[in-house]
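Reading the structure
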There are 2 protein chains.
Amino acid sequence: MEIENINVSSYPGSRKIYVDGVLFPIRVGMREISQYPTVKITDGHRTEIPNPPVTVYDTSGPYTDPDIQTDINRGLPRIREQWVVDRDDTVVLDNLSSEYGRKRMAMTELDAIRFPFLHNPRKAAEGRRITQMHYARKGIITAEMEYAAIRENLDNEKRGIKSYITPEFVRSEIAAGRAVITANVNHPEAEPMIIGKAFSVKLNTNIGNSALSSGIEEEVAKAVWSCYWGGDTLMDLSTGDNIHETREWIIRNCPVPVGTVPIYQALEKVNGVVRNLSWEIYRDTLIEQCEQGVDYFTIHAGVLRKHAELVKERLTGCVSRGGSIMTQWCVEHNEENFLYTHFDEICEILNKYDVTVSLGDGMRPGCTHDANDRAQFLELDTLGELTLRAWQHDVQVLVEGPGHVPMNKIEENMHRQANVCHDAPFYTLGPLTTDIAPAYDHITSAIGAANIALLGTAMICYVTPKEHLSLPDLNDVREGVITYKIAAHAADLAKGFPGANVRDDALSKARYDFRWKDQFNLSLDPEKARRYYLDARRNAPDADDRFCTMCGPDFCAMRISQKIAGSCES
Amino acid sequence: MEIENINVSSYPGSRKIYVDGVLFPIRVGMREISQYPTVKITDGHRTEIPNPPVTVYDTSGPYTDPDIQTDINRGLPRIREQWVVDRDDTVVLDNLSSEYGRKRMAMTELDAIRFPFLHNPRKAAEGRRITQMHYARKGIITAEMEYAAIRENLDNEKRGIKSYITPEFVRSEIAAGRAVITANVNHPEAEPMIIGKAFSVKLNTNIGNSALSSGIEEEVAKAVWSCYWGGDTLMDLSTGDNIHETREWIIRNCPVPVGTVPIYQALEKVNGVVRNLSWEIYRDTLIEQCEQGVDYFTIHAGVLRKHAELVKERLTGCVSRGGSIMTQWCVEHNEENFLYTHFDEICEILNKYDVTVSLGDGMRPGCTHDANDRAQFLELDTLGELTLRAWQHDVQVLVEGPGHVPMNKIEENMHRQANVCHDAPFYTLGPLTTDIAPAYDHITSAIGAANIALLGTAMICYVTPKEHLSLPDLNDVREGVITYKIAAHAADLAKGFPGANVRDDALSKARYDFRWKDQFNLSLDPEKARRYYLDARRNAPDADDRFCTMCGPDFCAMRISQKIAGSCES
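Right, let's walk through the structure included here. Along each chain, residues carry numbers from 1 onward, in the same order as the chain's sequence is written. To read the labels, note that chains go from A and ligands from 1, taken in the order they are written. In keeping with the model being predicted, local features are shown solely for residues with a pLDDT of at least 70 and side-chain atom pairs are shown and tallied solely at 80 or more, while totals for entire chains, interfaces and linings include all residues. Hydrogens and water are ignored here; the side-chain numbers use all heavy atoms of the structure.

**Some points on the overall build of chain A**
To keep things clear, this is the line we draw: Think of it this way: any DSSP run of H or I at least four residues long counts as a helix, any run of E at least two long counts as a strand, and we number them from the N terminus. C-alpha atoms define the radius of gyration, and 2.2 Å times the number of residues to the power 0.38 defines the globule rule. Note on exposure labels: buried denotes an accessible area under 20% of the residue type's maximum, exposed denotes more than 50%, and partly exposed covers the range between, all computed with a 1.4 Å probe on protein chains only. Asp and Glu count as negative and Lys and Arg as positive, but His and the ends of the chain are not part of the count. Here the site of a charge means atom NZ of a Lys, CZ of an Arg, CG of an Asp or CD of a Glu.
Tallying secondary structure elements over chain A gives 21 helices and 17 strands in all. Against the 2.2 N^0.38 benchmark of 25 Å for 570 residues, chain A shows a C-alpha radius of gyration of 24 Å, consistent with a compact globule. Over its C-alpha atoms, taken along the principal directions, chain A stretches across nearly 85 × 50 × 45 Å. Here chain A holds 570 residues, and 68% of them are scored as buried. Counting 62 positive and 81 negative side-chain charges, chain A places the centres of these two groups 3 Å from one another.

Have a look at this one:
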């Protein structure tokens, strides 16, 4: 299969920059936005006062580096490969360990859709654990840790902004379980990033086809698009055909960590018959995906047999796909959830590749009515227990959270999770703060997401305008990502995250100076901001006019204000 | 001028209902959304369990009543006229009291754009005060108060939901200054509604042309559109040509209270030369607008001469149009703000028509950097002083608030306002919680609006996606209104406002039942929700399918969940 090369035009007024590591030979990609000078006119004299460029967090990877020729058919540069090799604790396998993986590989009819440049999988050497948590607990700072530390700090040092984030701090947070760097050794294309309360709030995007929609090309395009607009991590939730091959294309072309829910694929393997799921099939699926390079797995191990009854008390039952599948399995077999009973074995697989476990909240509320109920909080208790078990295996842990929660019940979610799950990073879906706005649930949920992030949630999973209605297309991905960038950034700003205000202040100063192009370039979506402005001024040149169509020249408060301040004559 | 009649198709699955008053012969309009039954299939038998209709707050007035033939050229029915007449404390004037009003009336060249059915203005009889606060303080319950009380309760009684809201409670809140019913006797077309912390959170929309855009027809269309989607009040912020005539068209066709910022028109009268503004011109403008029927005026009387200096310390100076105009006037004349020095006279004009004063926050922060600074809070102190002065004249008061405020500084805004302004209702613009997302400021601000509303703000002023860039068009008005309905409702839900959860629970139950039509009909924007759903199922009939394109049939959690609960066989 040939996928047309995806061109992601770089942001206007921006250039890719790299900051070098001190401990390791690493180069951390960032985006630098240039600014025009402020023009002052005093007594007829024009003075130009320069404005420094603004450095922003960049999730777009090589796609926005004009010096790197990306090619969807070859995949991204494998920047972490040498770091992993240098640690000398892994081996490259001769063949795939998963039976299913080998079976797919042998099917020549899949050659047409198979990613053409496959690599042999890498795995921990016999008896070794290779997780970032393992290293962190041993006091070892990895290249990934330094990379994440540099990335969080942007140009703070240059600006004289004090930041507590050092490679050693990153290490200590990972060692304590309060943060994760989710970085499978088989996804060396991903740029390391850190998820934890002490760091900038991250956002996850979901893509993936269902039985009713979308093909490989579209999903790869969505993945790249998501990274371009600012998605920090990406979940491939495909449930339709060719999940295995689709995932390979996505991972090889994705500069951010990729997550999945392996039970989806396991269910495909048993043709959608929940009863026929088994630990063996699931185990093989885990290994298959570990060796492809999935960075984190959502695992619904907290759904217990004894809690199935509680679903009946709810208004909308169980709305987690994985949760409902496992509940059904428990009920049909009258057995305990095999994800729970085999959890230690799962962890021993994960720590061979450094895959993070994201403990799924199968009982998350699907409506505000069901928020904070027994089903939800009893499962959370189990997730707390599983957190400790995963840590015993040096497996990094994220804990997933709701869902639909009215604003007054958000705080309890965060505090309980922190207490019960020993400060493992919380990763929530929204939450949606009301149920009455399908087609606008990016907004109902951004309100909840900003609030829970301010309270300490480390990563928020985006919701697009299509939530509850259909799968997102490219436009929805963009809308969802920008909306969640807003929620995450509003929380960073309110938390006083070091340097978070730099971009706000620069944009506001540009606004006050009528530096329209800078205002657009500094914004989260320069194209849309510029388009809205120009649409209203169709007949006017793209000039730095000293007013806008909102108020017109006579009623421009900023113009009047500058006049009062004596910095503007007109 | 002929304006094409505006047809506002009524909401799907809905009908207009009226609830009769007990104390007064009033009929309170509401919208009732019907529901399909829940279908259960047990052992092959199909049972239908009916779902009761849901009554929702309705701001669309006669436009959604098929029994009323609305005509933009004649204006809406004058429902409050008889109530006012019955109070027997007003007189109908033979002519306009405002000099400017009479001058415009005499200009035959304006006939072409003049609203064709003008009424003589009404005013308090000599020596009378006719404000709702005046009546409330005297212990009198008015028809407006009963109307507002019924409106807040919807079908709570029918559902057995206890509510504290009675006509007497409404009266007591108005008497205490904690709530307002903004209802000029010259705008009898408006349906009474109440703004106060103890009531459902309201949302204001802004429309109006600037020198660079839009005509009368477009503004009337925006006004009707705003009411259709759920705007509770409407500000006409026009600053371009023919402000007087545009306003007449809007008021005569607007079923919700209309507000203005009179200084805008006063400035037009002096051709945009701030220096030439005077108390006399402003006074005549107030009277002109009182007699047209404006329900509330934003008056920037808190902008003081001595605070002008503080603007210079800011990153973005003064961003309130009215505030910057008055600051400039103070500086140029080196005199105190005439709105402040003449505030008692202003109140004595307002209480003759029952116009509410909305104390403008001329020093609201225009960026997160400037939030909660000295300029803002010193002005707030003055607004507190003015609140008491207005109340001495029985004038109802709203207090306006910011603006741009990071989430961590929102609470201080609400608490200070409540303390300093003696619990007068707070009415905020957003606030925007970050500055970096022009083109998405409906979202940056909905986060702030939901939060400040939860803390006690009574009315939130919408922000559209075009904020900072240009004036909103019809689509932006819709997007802004729905976004703010979400923020307001999220706050109501979290406050535990009586009956607020009814619509959420009904929609969620419909979702769980796969009653797709009900899910759309119960939503804030049925058309968009339905469109998103159908777009993804282009080839499928508009049926109540038991899954959606998000997950497809095999991965539908709700479907699996119902199977577990035994209520669904498939």
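The structure having been displayed, the exposition proceeds.
**Remarks on the interface of chain B and chain A**
This is how the line gets drawn: Residue contacts are counted whenever heavy atoms from the two residues lie within 4.5 Å of one another. Buried area: the accessible surface (1.4 Å probe) lost by two parts on joining, summed over both. Think of a salt bridge as a Lys or Arg side-chain nitrogen and an Asp or Glu carboxyl oxygen that are within 4 Å of each other. For this classification, Asp, Glu, Lys and Arg are treated as charged, while Ala, Val, Leu, Ile, Met, Phe, Trp, Tyr, Cys and Pro are nonpolar and the rest, including Gly, are polar.
If you look at the interface, chain B gives 99 residues, while chain A gives 99 residues. A combined buried area of about 8300 Å² lies between chain B and chain A, and 71% of that area is made up of carbon and sulfur atoms. The interface formed by chain B and chain A includes 0 salt bridges. Put simply, the parts of the chain that give the side of chain B that touches chain A at least two residues each are α9 (262-269), α11 (321-333), α16 (441-455), α17 (474-495), α18 (501-512), α19 (516-521), α20 (526-536) and α21 (557-565) of chain B. Sort the elements by how many residues they give to the side of chain B that touches chain A and α17 of chain B lands first, with 11 residues. In terms of residue class, the side of chain B that touches chain A is built from 52 nonpolar, 28 polar and 19 charged.

**Overview of the relation of the copies chain B and chain A**
For the pair of chain copies, the relating transformation is a rotation about an axis with a translation along it. Here is the rule: In this comparison the copies share one frame, found by least squares on the C-alpha atoms of residues holding pLDDT of at least 70 in both.
You can overlay chain B on chain A at an RMSD of 0.0 Å; the transform is a turn of 180 degrees with a shift of 0.0 Å along its axis. When the rotation and shift are considered jointly, the pair of chain copies conforms to a two-fold rotation axis. In terms of proximity to the rotation axis, the leading residue of chain B is I447 of chain B, whose C-alpha is 2.4 Å off the axis. The residues that chain B uses at the interface reappear at the interface of chain A in 100% of cases, marking a shared surface.

**Examining the packing of helix α7 (residues 216-229) of chain B against α17 of chain B**
Residues and elements named next belong to chain B. Applied cut-off: For helices, the fitted axis covers only the stretch in contact; all axes are lines through C-alpha atoms, and the angles between them, taken along N-to-C directions, range from 0 to 180 degrees. The cut-offs work like this: below 35 degrees is roughly parallel, past 145 is roughly antiparallel, 65 to 115 is roughly perpendicular, and the gaps in between are oblique. Left-handed is the label given to a crossing in which the near helix is rotated counterclockwise from the far helix by less than a right angle, and right-handed is the label when the rotation is clockwise.
Their axes nearest at 9 Å, the elements α7 and α17 cross at an angle of 30 degrees. In terms of axis orientation, α7 runs roughly parallel to α17. Where α7 crosses over α17, the two elements pack in a sense that is right-handed. Residues A221, K222, W225, S226 and W229 of α7 touch α17, and the partners they reach there are L474, N475, V477, R478, V481, I482 and K485.

**Examining the sheet that holds strand β1 (residues 14-20) of chain B**
Residue and element names in this part refer to chain B. Put simply, the rule is: Any two strands are treated as partners once DSSP identifies two or more bridges connecting them.
With respect to topology, 3 strands assemble into an open sheet ordered β1-β2-β5, the strand pairing being antiparallel. Each edge of the sheet is formed by a strand with only one pairing partner; in this case those strands are β1 and β5 (54-56). Neighbour to neighbour, the strand axes of the sheet diverge by 40 degrees on average, direction disregarded. As defined by bridge partners, β1 adjoins strand β2 (residues 27-33) across 7 bridges and the pair is classed as antiparallel.

**A short note on the sheet that holds strand β17 (residues 459-461) of chain B**
Residues and elements named next belong to chain B. Spatially, β10-β11-β12-β13-β14-β15-β16-β17 is the arrangement adopted by the 8 strands of the closed barrel, whose pairing is parallel. For this sheet the average axis-to-axis angle between neighbouring strands, irrespective of direction, equals 25 degrees. In the sheet, strand β10 (residues 202-207) pairs with strand β11 (residues 233-236) via 4 bridges, with the strands oriented parallel. The partner of T205 across the bridge, within β11, is L234.

**Overview of the pairing of β10 of chain B**
Along any regular strand the residues' side chains alternate between the sheet's two faces. Residue and element names in this part refer to chain B. Counted residue by residue, β10 has 6 buried out of 6 residues, so it is predominantly covered. Of the two faces of β10, the one carrying K202, N204 and N206 and the one carrying L203, T205 and I207 are both buried. Here β10 pairs with β17 via 3 bridges, running parallel. Across the sheet, residue N204 finds its bridge partner in β17, namely C461.

**As for unusual backbone geometry**
Cis peptide bonds are those with omega within 30 degrees of zero, and the linkage from P402 of chain A to G403 of chain A qualifies with 10 degrees. Looking at the secondary structure, you find G403 of chain A in the loop between β15 (397-401) and α15 (410-420). Cis rather than trans, the peptide bond between G430 of chain B and P431 of chain B has omega equal to 5 degrees. In this structure, P431 of chain B sits in the loop between β16 (426-429) and α16. For F514 of chain A, which is not a glycine, the phi torsion comes out positive at approximately 60 degrees. By the element assignment, F514 of chain A lies in the loop between α18 (501-512) and α19 (516-522). Here F514 of chain A falls in the buried class, since its relative accessible area comes to 4%. Of note in the backbone geometry, H422 of chain B takes a positive phi value of approximately 55 degrees without being a glycine.

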